[in-house]
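Listed here are the chains, written in short residue letters.
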Amino acid sequence: MRKQTDLGFMKQLAKQFLLVEPVTTSFSPMVVKHPFTDSGIVMVRIDDEYRMSDITADEAAKNQWRDQMSSLIENAKTPRHIYMMLTKSYRFAFLKHAMPYFSQKDFSEYLADAWVMCEGPNNDPNFTQKQMLGLFKKADPQVLMDEDEYKQFQALEDTLVVYRGVTSYNANRVKALSWTLDREKAEWFAHRFDEDGAVYEAKIDKAHVYAFFSSRNESEVIVDPAFLNELAEVQTEDEGLSMTM
């Protein structure tokens, strides 16, 4: 990493991402996949008037929209101004290419934002689990977490009991980076979308915990799953809780 983020490179990279073609979905044009928009219907300035245009069907409107976005990117004053324009699903893809050009401070801020704002970051295809864990190891904890989160992180006990709720979607990823200190939150994850999921409990030493996030009220901890101990499924029964391997 660098002492100071290379803002010029960030702008060049963002403009390259801007050239990606919008990928239509079954909801098209209302829902698309693109680094800078989740909708194919965008506001475009044409003949000094702003109009709603379908950039999946109108090439001229798409080019005009790209010119508008390119101007916003060029005028960005900080790296944050650039990456906050990115759609959530592309933030780790951008980080993969931008990481060598970040300062540690800006990188740590970006990682925290990307992790908290993305749905299912444990499964992001741009990084293996080992690589993703490496990102947290490189980050500055005092920047990665806000002041209250860092205080709670410092106050964690030497050995923690952590929980993870999984559904059919991620049942094969029990040993993930993301766990919670709140069993009720794990149960919520296990049963959201009307799924009959499972809750797992484990113990881990604080030395292998790299972050604590509370912004989504999830009491989330980022751990090295290789050091999870006494991992077991927790089953709720009428007479209480029983542990099964």
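Residues numbered from 1 in each chain as written. Predicted model: local features only at pLDDT ≥ 70, side-chain atom pairs only at ≥ 80, totals over all residues. Heavy atoms only, no water.

## Points about the packing of aromatic side chains
For the coordinates displayed, the defined rule picks out nine aromatic pairs. With centroids separated by 6.3 Å and ring planes inclined at 25°, the aromatic side chains of Tyr150 and Phe153 adopt a geometry described as stacked. One end of the pair, Tyr150, and the other, Phe153, are both in helix H8 (residues 147-154), three residues apart, so they sit about a helical turn from each other. Within the aromatic cluster, the residues linked to one another by ring pairs are Phe17, Tyr83, Phe94, Phe102 and Tyr110. Sitting over the ring of Trp188, Lys185 keeps its end group 5.2 Å from the ring centre. Over the ring of Phe153 we find Lys206, and its NZ or CZ is 5.8 Å from the ring centre. (Phe/Tyr/Trp six-rings, centres within 6.5 Å; stacked < 30°, edge-to-face > 60°. Helix = DSSP H or I, 4+ residues; strand = E, 2+ residues; numbered from the N terminus. Lys NZ or Arg CZ within 6 Å of the ring centre and 35° of its normal.)

## Focus: the environment of Val23
Along the chain, the position of Val23 falls in strand S1 (residues 23-24). Look at Val23 and you get partly exposed, because its relative accessible area is 41%. The spatial distance from the C-alpha of Val23 to the C-alpha of Phe212 is 35 Å, given a sequence separation of 189 residues. Ignoring sequence-local partners within four residues, the contact set of Val23 consists of Val32 and Lys33. (Buried < 20%, exposed > 50% of the residue type's maximum accessible area, 1.4 Å probe, protein only. Contact = heavy atoms within 4.5 Å.)

## Let's talk about the pairing of strand S3 (residues 41-46)
Where S3 meets strand S4 (residues 49-54), six bridges bridge the pair, whose relative direction is antiparallel. Paired with Arg45 across the two strands is Tyr50, which belongs to S4. Taken together, S3 and the strand that follows it, S4, pair antiparallel across an intervening segment of two residues, in which Asp47 is found at a positive phi of about 55°. (Pairing = 2+ DSSP bridges.)

## Side note on the environment of Glu49
Structurally, Glu49 can be placed in strand S4. Residue classification places Glu49 among the partly exposed positions, given a relative accessible area of 47%. A C-alpha to C-alpha distance of 13 Å links Glu49 and Trp65, two positions 16 residues apart in sequence.

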